[in-house]
Amino acid sequence: MKVKPLTDRVLVKLEKGETKSAGGIIIPDTAQEKTQIGSVVAIGDDKEVIKVKAGQKVMYDKYAGTQVKIGGEEHLILKMSDILAIIE
């Protein structure tokens, strides 16, 4: 299934959280904190507002977006205003 965001929306593939702590303790999936970093998969058609490109890593607002499952993987559809930074 292909998903193409509209207007100023961006489709972001979520990164998996750390499974081990700094001390080596394994963290179960239920206790892992939701990450705020992901990779841009697709962008909407409002080129004036959207400042990111497909393939870039971004940091987004913690409670932003709509979570969707595409091909068994977690994705978010975000507004451009919810993206806080580009990670280089």
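Preceding block: the structure.
Let us look at the structure shown here. This one's a predicted model, so the numbers in the text were calculated from it and none came from an experiment.

1. Points about the nonpolar core
- Ranked by internal contacts, the top residues of the largest apolar core, which has 14 residues, are Val10, Val52, Leu78 and Ile83.
- Mapped onto this core, the elements with two or more residues apiece are β1 (9-14), β2 (37-43), β3 (57-60) and β5 (73-79).

2. What to know about the pattern of salt bridges
- For the structure shown, the criterion picks out 3 salt bridges.
- A salt bridge links Glu15 to Lys57; the shortest N-O distance between them is 2.8 Å. Pair noted here: Glu15 is in the loop between β1 and β2 and Lys57 is in strand β3, with a separation of 42 residues, a long-range link.
- Judged by relative accessible area, which is 29%, Glu15 ranks as partly exposed.
- Residue Lys69 is joined to Glu74 by a salt bridge in which the shortest nitrogen-to-oxygen separation is 3.7 Å.
- A residue is classified by how much of its surface remains accessible, and Lys69, at 55% relative accessible area, is exposed.
- Assessed through its relative accessible area of 30%, Glu74 is described here as partly exposed.

Conventions and cut-offs
- Residues numbered from 1 in each chain as written.
- Predicted model: local features only at pLDDT ≥ 70, side-chain atom pairs only at ≥ 80, totals over all residues.
- Heavy atoms only, no water.
- Core = buried A, V, L, I, M, F, W, Y, C linked by side-chain atoms within 4.5 Å.
- Buried < 20%, exposed > 50% of the residue type's maximum accessible area, 1.4 Å probe, protein only.
- Helix = DSSP H or I, 4+ residues; strand = E, 2+ residues; numbered from the N terminus.
- Salt bridge = Lys/Arg side-chain N within 4 Å of Asp/Glu carboxyl O.

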